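Overview (structure and organization)
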Amino acid sequence: MANMDISDNAIRNRNVEANDLRASFSAAYLGRYVLKNIRIKESDNRISLALNTSRINKLGKKVTFHEYVGWLQEIINKIQNFVLADSFLDSFSTPLKTREIFPLLRPSSVLFHFNDLLTELETDSLESVEYRYNKDRRRNINLQEVLKKFESYFIIENKQISDKKITHNVQNPYDKNITIKKNISSITISSPRLKKIILKFTDQEISLLDYINRNQNFIITFTEVDVIYTSKRLLKILGF
């Protein structure tokens, strides 16, 4: 579970496990969490769900192609025959229809989170980090020193440029030109300095800015205190 509380002292992520979570884990505060991954035991089977990517995986031994196709058909039938009912999962925050609500929202703050990137630093899959001033001028930099500047949340200043245009400027100590952009159904970050930081992995190169936007490494809050944007989803926090 990922916490949607952006305060400095909040626990960012939690993992819980039990034979029966409904009986052993209080759902009182789950409305402030985003459910990311689930592992379910069903009879003798264990199924894992990655909710951000809609990936469904059955844990166990390798099977033949025909067995795999049969399992796929079983999953499809279960999805098609699903009947909505009350469940423990209803305690978590609920998704909103982004396209209908987005134009009405004013962002108020942003929290960047880089746990996945720090993990890649620890596992050496990230080979080096460069700051590229231009095509011919570049230097190696300490990525951890850069990420330290993003450990706390930042206020977003909304400026009315015209009747139809509003800029959303992120007040931060690293790049005064960081802004957020509201697209039709998602949010992306813009930053000239972050664009010049190049992450060199074993199999690719990507700017830190593109990495942030691709992985959506941020949480956006709005003036509507019960609405949060994270992982390309607009969510309503339960319990307000």
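Residues numbered from 1 in each chain as written. Predicted model: local features only at pLDDT ≥ 70, side-chain atom pairs only at ≥ 80, totals over all residues. Heavy atoms only, no water.

Structurally, asparagine 172 is set in the loop between strand S11 (166-170) and strand S12 (179-182). Among the polar contacts listed, one links the side chain of asparagine 172 to the backbone oxygen of valine 170, at a separation of 2.9 Å. Excluding residues that lie within four positions of it along the chain, asparagine 172 makes contacts with Phe154 and Ile178. (Helix = DSSP H or I, 4+ residues; strand = E, 2+ residues; numbered from the N terminus. Polar contact = N/O pair within 3.5 Å; in protein donor to acceptor, adjacent residues only side chain to side chain. Contact = heavy atoms within 4.5 Å.)

This next bit is on a positive patch on the surface. There is a patch of like positive charges on the surface, built from Arg137, Arg139, Lys149, Arg193 and Lys196. Of note, arginine 137 is situated in the loop between strand S8 (126-132) and strand S9 (138-140). Since its relative accessible area comes to 48%, arginine 137 is described here as partly exposed. (Patch = residues over 30% accessible without salt bridge, like charges linked within 9 Å, V, L, I, M, F, W, Y side chains within 5 Å. Areas by Shrake-Rupley, 256 points an atom, 1.4 Å probe, with all protein chains shown as cover. Salt bridge = Lys/Arg side-chain N within 4 Å of Asp/Glu carboxyl O. Lys, Arg positive; Asp, Glu negative; His and termini not counted. Charge placed at Lys NZ, Arg CZ, Asp CG, Glu CD. Buried < 20%, exposed > 50% of the residue type's maximum accessible area, 1.4 Å probe, protein only.)

The next subject is the layout of surface pockets. The volume enclosed by the largest pocket comes to roughly 2,200 Å³. Forming the boundary of the largest pocket are 50 residues, of which Ile38, Arg39, Ile40, Leu49 and Leu89 lie nearest the centre. Within the residue set of the lining of the largest pocket, elements represented by two or more residues are helix H1 (21-24), strand S3 (37-42), strand S4 (45-50), strand S5 (55-59), helix H2 (65-80), strand S6 (94-95) and strand S18 (233-236). Broken down by class, the residue content of the lining of the largest pocket amounts to 27 nonpolar, nine polar and 14 charged. Of the volumes computed, that of the second largest pocket is approximately 660 Å³. If you trace the second largest pocket, you find 25 residues lining it, with Lys36, Asn52, Asp116, Asn215 and Ser231 closest to the centre. At the level of elements, strand S1 (2-3), helix H4 (115-122) and helix H7 (208-215) are the ones that each hand at least two residues to the lining of the second largest pocket. When grouped by side-chain class, the residues that make up the lining of the second largest pocket number seven nonpolar, twelve polar and six charged. (1 Å grid on protein atoms, 1.4 Å probe; cavity = no way out; pocket = protein on both sides within 12 Å on 5 of 7 lines; lining within 4 Å. Points joined across faces, edges and corners; volume = space filled by probe spheres on them. Nonpolar A, V, L, I, M, F, W, Y, C, P; charged D, E, K, R; others polar.)

Turning our attention to the packing of aromatic side chains. Applying the stated criterion to the full structure yields twelve aromatic pairs. Residues phenylalanine 112 and phenylalanine 150 carry aromatic rings whose centres are separated by 5.4 Å and whose planes lie at 80° to one another, so their mutual orientation is edge-to-face. Pair noted here: phenylalanine 112 is in strand S7 (residues 107-112) and phenylalanine 150 is in the loop between helix H5 (143-148) and strand S10 (154-160), with a separation of 38 residues, a long-range link. Accessibility classification places phenylalanine 112 together with phenylalanine 150 in one group, the buried group. Consider the rings of tyrosine 131 and tyrosine 133, whose centres lie 4.9 Å apart with planes at 65°: the pair is edge-to-face. (Phe/Tyr/Trp six-rings, centres within 6.5 Å; stacked < 30°, edge-to-face > 60°.)

Below, the discussion takes up the pattern of salt bridges. When charged atoms on two side chains of opposite charge get close, those side chains can pair. On inspection of all chains with the given rule, the structure shows nine salt bridges. We note a salt bridge from lysine 200 to glutamate 130, for which the minimum N-O separation is 3.9 Å. Here lysine 200 is found in strand S14 (residues 197-201), whereas its partner glutamate 130 is found in strand S8, with 70 residues between them in sequence. With a relative accessible area of 23%, lysine 200 lands in the partly exposed category. Judged by its relative accessible area of 10%, glutamate 130 falls in the buried class. With a shortest N-O distance of 3.4 Å, lysine 148 and glutamate 145 are connected by a salt bridge. Taken together, the residues span about one helical turn, with lysine 148 and glutamate 145 both in helix H5 at a distance of three residues. On the basis of relative accessibility, which here comes to 49%, the residue lysine 148 falls in the partly exposed class. The partly exposed category is assigned to glutamate 145, whose relative accessible area is 42%. Residues joined by salt bridges that share partners form a network here, namely Glu130, Arg132, Arg138, Lys200 and Glu205.

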